[in-house]
Amino acid sequence: MTEQDNLGFDTVCVHGGHQEDGHRAHLTPIYATSTYTYDSVEQAVNIFKGDEKGYIYGRFGNPTINEAEDKIAMMEAYGLKDSQGNQLQLKAILHASGMGAITTMVLANVKAGEKIITHQSLYGGTQELIDKVLPGLGIETIIVDFHDLAKTEEAIKADKSISMMYVETPANPTLQCVDLEALTALAKQHGLTVCADNTFATPYLQQPFKYDVDFVMHSTTKFLNGHGTAVGGIVIGRDLEKMNGIVTKTHRLLGGNSNAFEAYLLTNGLRTFSLRMERHCGNAEKVATYLNEHAAVSWVNYLGLESHPDYAIGKKQMKHPGAMLSFELKGGFDAGVKFINSLKLCTSAVSLGTCDTLVVHAASTTHVGVPRDKRVEYGITDGLIRMSVGIENVEDIIADIEQALS
Ligand SMILES: Cc1ncc(COP(=O)(O)O)c(C=O)c1O
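Residues numbered from 1 in each chain as written. Predicted model: local features only at pLDDT ≥ 70, side-chain atom pairs only at ≥ 80, totals over all residues. Heavy atoms only, no water.

With reference to specific residues and values, describe the nonpolar core.
The biggest cluster of nonpolar side chains holds 83 residues, and the ones touching the most others in it are Met 165, Val 287, Leu 291, Phe 327 and Phe 339. Residue contributions to this core peak at eight residues, all from helix H11 (residues 273-292). Apart from residues no more than four positions distant in its own chain, Val 287 is found in contact with Leu 325, Met 387, Val 389, Val 394, Ile 397, Ile 398 and Ile 401. (Core = buried A, V, L, I, M, F, W, Y, C linked by side-chain atoms within 4.5 Å. Buried < 20%, exposed > 50% of the residue type's maximum accessible area, 1.4 Å probe, protein only. Helix = DSSP H or I, 4+ residues; strand = E, 2+ residues; numbered from the N terminus. Contact = heavy atoms within 4.5 Å.)

Encoded structure:
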């Protein structure tokens, strides 16, 4: 199914992108093949020219990968209209990782000598790409506080070489949110291409294309896959000519393509995506409320709590505050280590969005190499625990936290 046909979002999750298999397999098989055959030279020519649909080579595309791409494109476009009032059509390209997708998107759009404008709280890998790799290719980045629209506009006006705005909302790990509608409107006034990393919110909670962004990125490794079985990333775009042209070309030539097995795992996860998200979100709300009242916790960072500085932005552009939260333990570093070591059900691991609840004590793991003063400056305080709330029975998650804190 590749047309939306007024179907519900849950139906799109189950059926979206599925095409009948030549052998009538119920589920699209894992097409483990590196190349494809043709009936004739003429047919090959037509497929190469794009005049006839067909596959050419594994790095360029694969039916198993295609299903995941079309399903996610339909989810991001769900219920949205194009400028003619028709169902918005998007194209998605699956990559080996979220970082692979971001790299393709940036290199397909930003040339040496041009600049990207972005904000402070990006996922660490994206920040490192901006700091350590892109400058070597002649692409510099300007970092501003996207909460301050006047200063953002000032910065855009001051530098004519800025050609892209890159937004991550909510951001990893701070859960900071920025106003997609206002920022995209501002960027468009100045002719910038806008890209939004929608990994934390997912299309279940937030659809950046509603605000006319040009590209949406995901680390599919997280809630979209949902089971922690495969690393992946996707770039989705509304300009189909650009997606079929320079973005496809860049994807093929950089070689960050996905593979049939991991795409199959992703599609399998996507079928239950909306059910999982509903439970993830409901559980997170209860866990956040519980932690907020706990004597051992000094504060809770959750978008659903009015105490969160971006509560209003989250409420405006997201269907629900989501399933990610962090909290600070009063006992600092030692309390963080003790808490993690005492958990019996929740899993100590990086990443997020899996069925099971994942927790990280950042100061002793992900940020152990960062000097304390720098780490604290980034908001990674000594007793900070990040939690991706899973879909277990919420009483069991809370009981595990309770026993670990006591
Ligand atoms: C918001 C966000 N964007 C991008 C990435 C990179 O994705 P991947 O690890 O799949 O390359 C991550 C990874 O954690 C992330 O959290």
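I'd like to hear about the site of the ligand, residue by residue, with values.
Residues in contact with the ligand amount to 13 residues; listed here are only the nearest, Asn 172, Asp 197, Ser 219, Thr 221 and Lys 222. Between Gly 98 and the ligand, the recorded distance is 3.0 Å, taken from a backbone N or O atom to an oxygen atom. Interatomic distance of 2.8 Å between a side-chain N/O atom of Thr 221 and an oxygen atom of the ligand. Coverage of the ligand by the protein chains reaches 90% of its 390 Å² of free accessible surface. (Near = heavy atom within 4 Å. Polar contact = N/O pair within 3.5 Å; in protein donor to acceptor, adjacent residues only side chain to side chain. Areas by Shrake-Rupley, 256 points an atom, 1.4 Å probe, with all protein chains shown as cover.)

Tell me about the sheet that holds strand E8 (residues 297-301), and name the residues and values.
As summarised here, the arrangement of the five strands in space is E8-E9-E12-E11-E10, forming an open sheet in which the pairing is mixed. Each having just a single partner strand, E8 and strand E10 (347-348) make up the two edges of the open sheet. Strand contacts of helix H13 (residues 332-342): strand E9 (324-329), E10, strand E11 (358-361) and strand E12 (384-388), with the helix running at about 150° to E11, the strand carrying the most contacts. (Pairing = 2+ DSSP bridges. Axes fitted to C-alpha atoms, helices over the stretch in contact; angles between N-to-C directions.)

Describe a nonpolar patch on the surface, with residues and values.
A contiguous nonpolar surface patch, about 320 Å² in accessible area, is contributed by Leu 107, Val 133, Leu 137 and Leu 254. By the secondary structure assignment, Val 133 is in helix H5 (residues 124-133). (Patch = residues over 30% accessible without salt bridge, like charges linked within 9 Å, V, L, I, M, F, W, Y side chains within 5 Å. Salt bridge = Lys/Arg side-chain N within 4 Å of Asp/Glu carboxyl O.)

A description of the layout of surface pockets should follow, citing residues and the corresponding values.
Reported here for the second largest pocket is a volume of approximately 1,000 Å³. Taken together, 33 residues line the second largest pocket, and the ones lying closest to its centre are Leu 122, Gly 124, Asn 172, Pro 173 and His 367. Contributing elements (two or more residues each) for the lining of the second largest pocket: H5, E8 and E12. Here the lining of the second largest pocket takes six residues from H5, the largest share from any one element. (1 Å grid on protein atoms, 1.4 Å probe; cavity = no way out; pocket = protein on both sides within 12 Å on 5 of 7 lines; lining within 4 Å. Points joined across faces, edges and corners; volume = space filled by probe spheres on them.)

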